[in-house]
Amino acid sequence: QVRLVESGGGLVQPGGSLRLSCAASGFPFSSYGLRWYRQAPGKERELVAGITRPPGGTTYADSVKGRFTISRDNAKNQVYLQMNSLKPEDTAVYYCNARSPFGHEHWGQGTQVTVSS
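Described in the following lines is the structure provided in the data block.

Definitions and limits used
- Residues numbered from 1 in each chain as written.
- Predicted model: local features only at pLDDT ≥ 70, side-chain atom pairs only at ≥ 80, totals over all residues.
- Heavy atoms only, no water.
- Core = buried A, V, L, I, M, F, W, Y, C linked by side-chain atoms within 4.5 Å.
- Buried < 20%, exposed > 50% of the residue type's maximum accessible area, 1.4 Å probe, protein only.
- Helix = DSSP H or I, 4+ residues; strand = E, 2+ residues; numbered from the N terminus.
- Contact = heavy atoms within 4.5 Å.
- Disulfide = S-S within 2.5 Å.

## So, the nonpolar core
Moving on, step 1. If you look at the biggest cluster of nonpolar residues, it comprises 29 residues, and the most contacted ones within it are W36, V48, F68, V79, L81, M83 and Y94.
Moving on, step 2. At the level of secondary structure, the elements contributing two or more residues to this core comprise β3 (18-25), β4 (33-39), β5 (46-51), β7 (68-73), β8 (78-83), β9 (92-99) and β11 (111-115).
Moving on, step 3. If near-sequence neighbours (up to four positions away) are discounted, V48 is found in contact with W36, Y37, R38, T59, Y60, A61, V64, F68, L81 and Y94.

Structure representation (C-alpha cells):
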C-alpha cells in the first residue's frame, strides 16, 4: 500500500522556522522525484520545491528561494522541507508528492502551516 504521510506543520510567528517531514512507503522511493506543493485558501495548488532522484538536484519557487530547503533521505524513505524566515503569505496546506520517471504520482494528505503573530 502506497503511503505518504506529512508531519511537522503548525502555528509559527513571522520570521520563525518549521521543518516538514514526509514519510513514504509502498513504492521504490529512491527512484522517484519528490516535491512539496502548497495550497492557500482560495488559491490554486502551487509547486514550492522539488528534488530529483539521485543525484538529487533541487528547484524552488521564486517566492521561497533562499528561505526553504528541500532534502531527501533515501535510507529512511523521507523527504523534508526546512522553512526559515516564514512569512504570513507562506500560510497554506503543504502536500508531499512523489512522481516516477513514468509519470505515476502519489500524494500525501497535507499538513497545515500557519504563520501568524
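## A short note on the state of the cysteines
Moving on, step 1. Considering all chains together, one arrives at 1 disulfide under this definition.
Moving on, step 2. Residue C22 pairs covalently with C96 via a disulfide, S to S 2.2 Å. On the sign convention where negative is left-handed, the bridge of C22 and C96, at about -85° about the S-S bond, is left-handed. With a gap of 74 residues between them, C22 in strand β3 and C96 in strand β9 connect regions that are remote in the sequence.
Moving on, step 3. By relative accessible area, which is 0% here, C22 ends up buried.

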